[in-house]
Amino acid sequence: MARQIGEVILEVEDLHTYCFTRFGTVKAVDGVSFNLRQGEALAIVGESGSGKTMTALSLLQLQPRPAARIVKGSIRLEGEDLLQKTEEQMREIRGKRISMILQDPQTSLNPVFTVGNQLIEAIRNHHAGETGRSLVRRAIEGLKQVRVAAPERRVEDYPHQISGGMKQRVVGAIAISCEPKVIIADEPTTSLDVTIQAQYLRLLREIQEETNLALIFITHDFGIVAKMCDRVVVMYAGRHVESGPVRDIFNHPSHPYTQALLRSVPSMDEDVKRLYSIEGQPPALWDLPSGCRFAARCEYAQERCSSEYPPSFTVGLNGSTHSASCWRLREST
Amino acid sequence: MQRFIAIRFLQSLLALWVMSIIVFGLARLSGNPLEVMLPIEATKEDYARLEKYWGLDRPLHEQYFVFIKKALHGDFGDSLKYQGRSAMELVTERLPATLELAGFALLVSIVVALPIGVLAAAAKDGKWDTGAKIVALLGQSLPSFWLGIMLMWIFAVMLDWLPSSGRSGWKNLILPGITLGWFQVAVIMRLVRSSMLEVMDSEFVKLARVKGISESKVIWKHCLRNAGIAPLTYFAIIAGGLLTGSVVTETVFTWPGVGLLVVDAVRSRDFQVVQAVVILFAGIFILCNLLVDIMYAYLDPRIRYQ
Ligand SMILES: Nc1ncnc2c1ncn2[C@@H]1O[C@H](COP(=O)(O)OP(=O)(O)OP(=O)(O)O)[C@@H](O)[C@H]1O
Ligand SMILES: [Mg+2]
C-alpha cells in the first residue's frame, strides 16, 4: 500500500512548556507551532537543548512533572483539544492514538520484565478483555511486524539478552502495537551503529507505508531528514524558526540558523576539509533575549534583530507553506 | 545461577571460618579464662591442673583445632553459670523467642516503611514525603530503650491494654516488636524512597507512561520491582540490626530470648555462652547475606541468567 498524505490530524499552536526550577524558569519550549497530516513524515530539527524532546513529551502531556508545565498554546488531535483532557482521558490517548519512541532505546525497556511481558502490557491496555494466549499471539505478531527473527523465542527474553538493534525494534513494536495515528520518534538512531541505523530507518519507513500513520521524526541529522521526511520544522532555543517542505528548506534555507545547520552537514560530493560549525552558544533558556534568539550568533544581525522578535514570513510564492522568522525576509518581500 | 549460588555458598563458609578464628582469638586475647573461673585463693597447682584439663597448655594451633572440631559439633563448652548445661543448649533454647521477635519486628517495619517510602517518592515534596521525613527523623533519634519504656508506660501501665513483659501469648509480642522494628522503619523507608526516586527517573518508566498504563501500575509494578532490589541488599544489615537491637529490647521487656541471655552471660562472665551467641549471630548474619544474594538473583534477571 502506498503512503497517502491526507487530512491534518495534529495541530500544535504556539506551544509553551516551561520548567519551574529553584534557579528560575527554564523556557524549554517557547512558541512552537506545526501541523501534521495523516501519512506524513515531519522532521523536527535543532541542536541539543533546543526543546525537541520537551515538545514531544508535551504532546503526550508527559513533560517532567511537577517541574515542567504547559503554560500556553493548544494541541489538537483530530480536532479534539488535548489540553482540556483529564489525566484519565490522556491515558487512553497515549500509546493508542499517539505513541512515542524514546530517545534512548537501550534503557527504555524495563530490565526486570520480559520483552513479551512489556509488549503485552501495551497491547492489553488497549485491548481489554483479551486473555493470555491471544495476547501472546499478538505480541509475537508485533515482533514479526518489526522483522524480529524467531519472535516466539524473543518474547521470553529479558532486555539484557538481546542486542541494541533488537531492543530498538522491540521499542518500535511497542509503539505500533495499538495502531496509533501518530508516532513520535525521538532521535531513534543516535545510539546505533551506521548499518543498524540504516536498517531501522528503512523499517520505520516500511511501517509507515504499511499503516499510513503520521510520523514526527526528531533528529539533528539533515541527512536522515532528506531521506525520511516530507516536511521540516527547525527549532532554535525553544521556538520554531523555519518550517516547510523538505525540498524548499534544502533549496532555499531562509533563516540564517537553518543555513548554518545545512552548511554543517558533511556533503558526499565535496571533499570538505573542515566541517562548518556555528560560532557561539545558544542563549540560556532562563534568560532569553527579547529579540531574535539567534541574533548573537547571526552574521546578518542588525539592530532591530536584538530588540524585536521577527514574525513568521512566507517564503516564495503566495500559497507556499514554507515560512521563516527572520527580519531579512521582510526586506525581500 | 547454580554456579552463582555455589560460589556464594563457599564464600559464606569462608566467612564463617574467618569468624571462628576471630572468636577464638578474642577468647585468648581477653586474658586467661582461668582467672575468672578459679577463686582468688587457688594455688599454682590448681591452675596447672585445670590448664591441663581444658587443654590450655598445648600450642595455640592445636587448641584452635580442638575448638573448631568441637564447634563443628555445636559444642562450645559448658555454661559456667548454669552448671551441667552446654552453652549451645542454652542458646538454641532461647533462639525461637528471638527469631519470633525479630521476624515480627521486621514484618512491622516493612509493612509500615514500604508503602510510606513508595508514596513519598511518588509525590516528592508532597504530604507523604513530609510525613516520611518526620518518621525518619523520629525513627533514628528515639533510642529504643526510651521508646520501649514509653510504650510500656502508655499501653501497659496507663491503659493496661497490653502486657509489659514475658512471653505468654501474641499480645506480648506487640510492644517489643514495635520497639525493635521502629528504628528499621526509618532505615527501610529511606532506602525505598531513594531507590524509587532513582528508578522513577529512568527511561523505561517514561516508556511505561507513553504506553498509557495507569500511574499506580507504573509506580507499584515498574518502579517498585526495580527499586526493591537495592533495599534488599541491605536486608542483611537490617537483620543484623534486629539481632543486636534485640539485646536492648529483650532486656527492657524481659523477653526470654538470646539477647536477654547474652546480657545475663556477660554480667556473670559466662564466657562459653557469650562465645556461642557471637558465633550464632554471625552465622545468622552470614546466612541472611546468602539469602539476600539468592533473592537478588531471583528479582534481577541480569544476574539470574549469567
Ligand atoms: N526537568 C527539567 N528541569 C529543568 N530544565 C529541564 C528539565 N528537562 C529539560 N530541561 C531543559 O529543557 C531544555 C530542552 O531540553 P530537550 O531535552 O527538549 O532538548 P532536546 O532538543 O531534546 O536536546 P537533545 O538533542 O540533546 O535531546 C534543555 O535546555 C534542558 O536543560
Ligand atoms: Mg532530546
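Preceding block: the structure.
Residues numbered from 1 in each chain as written. Chains lettered and ligands numbered in written order. Predicted model: local features only at pLDDT ≥ 70, side-chain atom pairs only at ≥ 80, totals over all residues. Heavy atoms only, no water.

Structural notes on unusual backbone geometry
Residues and elements named next belong to chain A.
Part 1: Put simply, Arg 65 and Pro 66 share a cis peptide bond, and its omega is 0 degrees.
Part 2: Within the secondary structure layout, Pro 66 lies in the loop between helix H1 (52-59) and strand E4 (68-77).
Part 3: Of note, the phi angle at Arg 147 is positive, near 60 degrees, even though the residue is not glycine.
Part 4: Along the chain, Arg 147 falls in the loop between helix H4 (132-145) and helix H5 (151-154).
Part 5: A relative accessible area of 36% places Arg 147 in the partly exposed class.
Part 6: Even without glycine at this site, Glu 179 takes up a positive phi of about 50 degrees.
Part 7: According to the relative accessible area criterion, Glu 179 is exposed, its value standing at 65%. (Helix = DSSP H or I, 4+ residues; strand = E, 2+ residues; numbered from the N terminus. Buried < 20%, exposed > 50% of the residue type's maximum accessible area, 1.4 Å probe, protein only.)

Things to note about the interface of chain A and chain B
Part 1: The interface is formed by 29 residues belonging to chain A together with 22 residues belonging to chain B.
Part 2: The salt bridge involving Glu 121 of chain A is made with Lys 211 of chain B; its shortest N-O contact spans 3.0 Å.
Part 3: Linking chain A with chain B are 8 residue pairs in polar contact (both at pLDDT 80 or more).
Part 4: For the side of chain A that touches chain B, the secondary-structure elements that each account for two or more residues are strand E6 (98-101) and helix H3 (115-126) of chain A.
Part 5: Ranked by residues supplied to the side of chain A that touches chain B, first place goes to H3 of chain A with 7 residues.
Part 6: Residue composition of the side of chain A that touches chain B, grouped by class: 12 nonpolar, 12 polar and 5 charged. (Contact = heavy atoms within 4.5 Å. Salt bridge = Lys/Arg side-chain N within 4 Å of Asp/Glu carboxyl O. Polar contact = N/O pair within 3.5 Å; in protein donor to acceptor, adjacent residues only side chain to side chain. Nonpolar A, V, L, I, M, F, W, Y, C, P; charged D, E, K, R; others polar.)

As for the site of ligand 1
All names here are of chain A.
Part 1: Surveying the vicinity of ligand 1 reveals 15 residues, the closest of which are Ser 48, Gly 49, Thr 53, Met 54 and Gln 103.
Part 2: At 2.8 Å, a backbone N or O of Gly 49 approaches an oxygen atom of ligand 1.
Part 3: Within the complex, 68% of the 640 Å² of free accessible area of ligand 1 lies under protein.
Part 4: Put simply, the parts of the chain that give the shell around ligand 1 at least two residues each are strand E1 (8-21) and H1.
Part 5: For the shell around ligand 1, the leading source of residues is H1, giving 3 residues.
Part 6: Here the residues of the shell around ligand 1 are counted per class, giving 5 nonpolar, 7 polar and 3 charged. (Near = heavy atom within 4 Å. Areas by Shrake-Rupley, 256 points an atom, 1.4 Å probe, with all protein chains shown as cover.)

Some points on helix H7 (residues 144-158) of chain B
Residue and element names in this part refer to chain B.
Part 1: Here H7 contains 15 residues, and its C-alpha end-to-end distance of 20 Å stays within 8% of the 21 Å for a straight helix at 1.5 Å per residue.
Part 2: The sharpest bend along H7 comes to roughly 25 degrees, located at Met 152.
Part 3: All of the buried residues along H7 are Leu 147, Gly 148, Leu 151, Met 152 and Ala 156.
Part 4: Its buried side turned inward, H7 meets helix H8 (170-200) and helix H12 (235-252).
Part 5: Asp 160 sits one or two residues past H7 and shows a positive phi near 55 degrees. (Expected span 1.5 Å × (residues − 1). Bend = angle between axes of the 7 residues up to and from the residue.)

Observations regarding the nonpolar core
Part 1: Counting residues in each nonpolar core, the largest one holds 103 residues, and the members touching the most others are Leu 10, Phe 34, Ile 98, Ile 216 and Phe 217 of chain A.
Part 2: When neighbours within four sequence positions are excluded, Leu 10 of chain A is seen to be in contact with Phe 34, Asn 35, Leu 36, Leu 59, Ile 75, Arg 76, Leu 77, Ile 98 and Ile 216 of chain A.
Part 3: Counting residues in each nonpolar core, the second largest holds 64 residues, with Ile 219, Ala 227, Ile 279 and Cys 288 of chain B among its members. (Core = buried A, V, L, I, M, F, W, Y, C linked by side-chain atoms within 4.5 Å.)

Structural notes on the sheet that holds strand E5 (residues 80-81) of chain A
All names here are of chain A.
Part 1: Reading across the sheet, the 4 strands line up as E2-E1-E4-E5 and stay open at both edges, with antiparallel pairing between neighbours. The two strands at the open ends of the sheet, each matched to only one other strand, are strand E2 (24-37) and E5.
Part 2: Pairing between E1 and E2: 10 bridges, direction antiparallel. Counterpart to Leu 15 in the pairing with E2 is Val 32.
Part 3: Of the strands in this sheet, E1, E2 and E4 are in contact with H1, which crosses E1 at around 115 degrees. (Pairing = 2+ DSSP bridges. Axes fitted to C-alpha atoms, helices over the stretch in contact; angles between N-to-C directions.)

A look at a nonpolar patch on the surface
All names here are of chain B.
Part 1: Together, Leu 14, Trp 17, Val 18, Ile 21, Ile 22, Leu 26 and Leu 29 give the surface a local cluster of nonpolar side chains, amounting to about 700 Å² of exposed area.
Part 2: Looking at the secondary structure, you find Leu 26 in helix H1 (residues 2-29).
Part 3: Here Leu 26 falls in the exposed class, since its relative accessible area comes to 52%. (Patch = residues over 30% accessible without salt bridge, like charges linked within 9 Å, V, L, I, M, F, W, Y side chains within 5 Å.)

Description of the packing of aromatic side chains
Residues and elements named next belong to chain A.
Part 1: Inspection of every chain in the model, using the stated rule, returns 8 aromatic pairs over all chains.
Part 2: Aromatic side chains Tyr 236 and Phe 294 sit 5.1 Å apart centroid to centroid with 85 degrees between the ring planes, which places their arrangement in the edge-to-face category. Within this pair, whereas Tyr 236 is found in strand E9 (residues 231-236), its partner Phe 294 is found in the loop between helix H10 (256-263) and strand E11 (313-314), the two being separated by 58 residues in sequence. Note on accessibility: Tyr 236 and Phe 294 belong to one class, buried.
Part 3: One aromatic cluster in this structure is built from Tyr 236, Tyr 257 and Phe 294.
Part 4: Here the basic side chain of Arg 304 rests over the ring of Trp 327, its NZ or CZ set 3.8 Å away from the ring centre.
Part 5: One cation-aromatic arrangement involves Arg 328 over Tyr 300; the distance from NZ or CZ to the ring centre is 3.9 Å. (Phe/Tyr/Trp six-rings, centres within 6.5 Å; stacked < 30°, edge-to-face > 60°. Lys NZ or Arg CZ within 6 Å of the ring centre and 35° of its normal.)

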